[in-house]
Amino acid sequence: MTTKRETILAAVRTALTGTTGVSTRIYRSRVEPISRGESPAIVVEPVSDSADQNTSLPTLDWSLTVRVAIIVRGAIPDQVADPIIESAHAKIMADLTLGGYAIDVQPINVSFDLQEADQPAGVITMDYLVRYRTSVADLTT
Amino acid sequence: MAFTEDLSIFLADFGVSCTAGAVTALGILDMPGQVISDGMVLTTDYTLTAKASDFGSLIRNDAITVDAVAYTVREALLLDDGRFVQIALQKT
């Protein structure tokens, strides 16, 4: 069985399919750096996941922070990234249950890292808070 | 007795032909790979070392051809006594 966390991360990755400008360059937790020839690209990865037991029922309410990093190259990197950001955000927010596994999806932060490189590079990270629920003893249900 | 430097000797062995505007002269091109942006981006740090008298006046976005490859200047930094210049490049 797969944990709901992994299922949600995979669902975010799948939801991003067809994002403007990135073709098939959408990666799950890619740890190798992205070269100029592979840009623009998107990397989906978990940042943190915290649990609360809010009811007397044997359930846990989880708050998963998912990072969607958009890596671009261009003279004005944040401008190059803008249509990709717009497209990716719309795709993530189109189904706030992510296929029925989440209770809600909320955007929480966008940050910009612009660097000089063999062509100016930008990494725009969009963080989303995904709320979901599991059993206390079973992270798959 | 005054010591006369011949800076061309430094570039003679490993220098490649570079052209910017009307100037053609030798320069040494280095291109080490680099990982930046907290491990997210792989880049190549194209750096040309040349005589400042040849290419010291280049500024951002100037075009330069190095060994028959087109580059654009990112920045030009004088070295030590200012006789040589180190030019950061991006591939055009």
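For the structure itself, consult the block above.
Report on the accompanying structure.

### A closer look at the overall build of chain A
1) Next: Check the secondary structure of chain A and you find two helices and five strands.
2) Next: Written out in order from the N terminus, the α and β elements of chain A read α-β-β-β-α-β-β.
3) Next: In terms of overall dimensions, chain A has a C-alpha envelope of 55 × 25 × 25 Å along the principal axes.
4) Next: Here chain A holds 141 residues, and the buried ones make up 43% of them.
5) Next: Considering only contacts in chain A between residues 6 or more positions apart, those separated by 24 or more positions represent 61%.

### Description of the sheet that holds strand β7 (residues 69–79) of chain B
All names here are of chain B.
1) Next: If you trace the six strands once around the closed barrel, you get β1-β2-β5-β8-β7-β6, paired in antiparallel fashion. Adjacent strand axes in the sheet meet at a mean angle of 45° when their direction is disregarded.
2) Next: Note: strand β1 (residues 16–20) against strand β2 (residues 23–30), five bridges, orientation antiparallel. When the sheet's bridge partners are listed, Cys18 is paired in β2 with Ala25.

### Looking at the sheet that holds strand β2 (residues 41–52) of chain A
Residue and element names in this part refer to chain A.
1) Next: With mixed pairing, five strands are arranged side by side in an open sheet as β1-β2-β3-β5-β4. In this open sheet, the two strands that pair with only one neighbour each are β1 (26–28) and β4 (104–115). Going across the sheet, the axis of each strand differs from the next one's by a mean of 25°, ignoring polarity.
2) Next: Direction of pairing for β4 relative to strand β5 (residues 121–135): antiparallel, over a ladder of 11 bridges. Looking across to β5, one finds that Val105 is bridged to Val130.
3) Next: Strands in contact with helix α1 (residues 4–15) are β1, β2, β3 (59–73) and β5; relative to β3, the strand with the most contacts, it is inclined by about 30°.
4) Next: Sheet contacts for helix α2 (residues 77–93): β2, β3, β4 and β5; angle to β5, the most-contacted strand, approximately 15°.

Conventions and cut-offs
Residues numbered from 1 in each chain as written. Chains lettered and ligands numbered in written order. Predicted model: local features only at pLDDT ≥ 70, side-chain atom pairs only at ≥ 80, totals over all residues. Heavy atoms only, no water. Helix = DSSP H or I, 4+ residues; strand = E, 2+ residues; numbered from the N terminus. Buried < 20%, exposed > 50% of the residue type's maximum accessible area, 1.4 Å probe, protein only. Contact = heavy atoms within 4.5 Å. Pairing = 2+ DSSP bridges. Axes fitted to C-alpha atoms, helices over the stretch in contact; angles between N-to-C directions.

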